[in-house]
Amino acid sequence: MPISLSTSSKDKRVIPIATQVYEILSNADIKVSFDESLVNLEKNLKVKTKSENYIVKKSELLISIGGDGTMLNSSRRYGSKGIPILGINLGKVGFLTDISPNEITTRLLEVLKGDFIDDKRSFLEATIKGKKDTYLALNEIVIHSGAIAQLIQFDLYINDSFVYRQNADGLIVSSPSGSTAYSLSGGGPIVLPSVKAITLLPMFPHSLNTRPLLVDESTNIKIIICSRGKSAISF
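Reading guide: rules and limits
- Residues numbered from 1 in each chain as written.
- Predicted model: local features only at pLDDT ≥ 70, side-chain atom pairs only at ≥ 80, totals over all residues.
- Heavy atoms only, no water.
- Helix = DSSP H or I, 4+ residues; strand = E, 2+ residues; numbered from the N terminus.
- Buried < 20%, exposed > 50% of the residue type's maximum accessible area, 1.4 Å probe, protein only.
- Contact = heavy atoms within 4.5 Å.
- Lys, Arg positive; Asp, Glu negative; His and termini not counted.
- Charge placed at Lys NZ, Arg CZ, Asp CG, Glu CD.
- Expected span 1.5 Å × (residues − 1).
- Salt bridge = Lys/Arg side-chain N within 4 Å of Asp/Glu carboxyl O.
- Phe/Tyr/Trp six-rings, centres within 6.5 Å; stacked < 30°, edge-to-face > 60°.
- Lys NZ or Arg CZ within 6 Å of the ring centre and 35° of its normal.
- Pairing = 2+ DSSP bridges.
- Axes fitted to C-alpha atoms, helices over the stretch in contact; angles between N-to-C directions.

The next thing to look at is the overall build of the chain. A tally of regular secondary structure across the chain gives six helices and 14 strands. Its C-alpha atoms give the chain principal-axis dimensions of roughly 60 × 30 × 30 Å. In the chain, which comprises 235 residues, the proportion classed as buried is 41%. Restricting the contact set of the chain to residue pairs at least 6 apart, pairs at least 24 apart contribute 59%. Separation between the mean location of the 27 positive side-chain charges and that of the 23 negative ones in the chain comes to 7 Å.

What follows is the structure, given as structure tokens:
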């Protein structure tokens, strides 16, 4: 089973942990690759890093070393292309990462023996009118003004049906994975990953009766910015 390693973390523990993982997997006769984020390992282990395309084609598992941010980065780059991801947690929260540094050897050997839970997560996909690119997000997509304490006005459509016009600081569109991220800070519900839903949460709405809205994950959501001035989108 070819396995690859990746990171986006600048934590000084990344290199020694990646080296430890390499040794564990190599001793188990596993072929190990590194993407270009771990270029510093080339000198230590005398191995060459591989391109993103190579890892997508050749890997059956990707080990992401870092915090939840690193896991999100790895998910967009590799998980969205069907590669399972195992996270080693170097962050403070660790909602998404699986293994703590002090249990790497034990947990990795368990995974190699098939002792793990296959946890599938949904991605959000977005397009912007006038642009050809498609954007993916594991946690959330946020429409906002790009400024502090500045309202925007937008219309919300679900499956081409008008729902409401809203004045708010923005709108958080989150997956079940994202329900414990930005949406949680805004008072949104915690949604189990097994629930196939998308949460729509207005940010500081200028309204007395606005509530979070849950829709099926296959729903087509359209947001039209009505107000003049600046607006932005974050993934």
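Text resumes after the structure shown.
Its location among the elements puts Thr19 in helix 1 (residues 14-27). Setting aside residues up to four positions removed in sequence, Thr19 forms contacts with Leu41 and Leu45.

Once that is clear, we can look at helix 1. Compared with the 20 Å implied by 1.5 Å per residue over 14 residues, the 20 Å span of helix 1 between its first and last C-alpha is a close match. Within the sequence span of helix 1, burial applies to Val14, Ile17, Ala18, Thr19, Val21, Tyr22, Ile24 and Leu25. For helix 1, the secondary structure elements touched by its buried residues are strand 1 (3-6), strand 2 (32-34), helix 2 (41-45), strand 3 (61-66), strand 4 (85-89) and helix 5 (104-112). Asp29 lies just past helix 1 and shows a positive phi near 60 degrees.

Next up on the list: the pattern of salt bridges. The full count for this structure, using the stated rule, is seven salt bridges. Between Asp11 and Arg13 there is a salt bridge whose closest N-O contact spans 2.9 Å. Taking the relative accessible area as the measure of exposure, Asp11 reaches 24% and is therefore partly exposed. You can call Arg13 partly exposed: its relative accessible area is 37%. Here Glu52 and Arg77 are joined by a salt bridge, their closest N and O atoms 3.2 Å apart. With a gap of 25 residues between them, Glu52 in helix 3 (residues 52-58) and Arg77 in helix 4 (residues 68-77) connect regions that are remote in the sequence. When its relative accessible area of 22% is taken as the criterion, Arg77 is described as partly exposed. Salt bridges here are not isolated pairs; linked through shared partners, they connect Asp35, Glu52 and Arg77.

A few words on the packing of aromatic side chains. Geometry of an aromatic ring pair is reported as the spacing of the ring centres plus the angle between the planes. Under the definition given, this model contains three aromatic pairs. When the centroid spacing of 4.7 Å and the interplanar angle of 15 degrees are considered together, the rings of Tyr135 and Phe235 count as stacked. Linking Tyr135 in strand 6 (residues 134-137) with Phe235 in the segment after strand 14 (232-234), this pair joins segments that are 100 residues apart in sequence. We classify Phe235 as partly exposed; its relative accessible area is 34%. Between Tyr157 and Phe162, the aromatic rings sit 5.5 Å apart at their centres with planes inclined by 70 degrees, giving edge-to-face as the arrangement. The partly exposed category is assigned to Phe162, whose relative accessible area is 48%. Above the ring of Tyr54, the side-chain terminus of Lys50 is found at 5.0 Å from the ring centroid. Cation over ring: Lys222 sits above Tyr157, and NZ or CZ is 5.0 Å from the ring centre.

Strand order in this open sheet of four strands is 2-1-3-4, and the pairing throughout is parallel. In the strand order of this sheet, the two ends are held by strand 2 and strand 4, each with one partner. This sheet shows a mean twist of 25 degrees between the axes of neighbouring strands, independent of strand direction.

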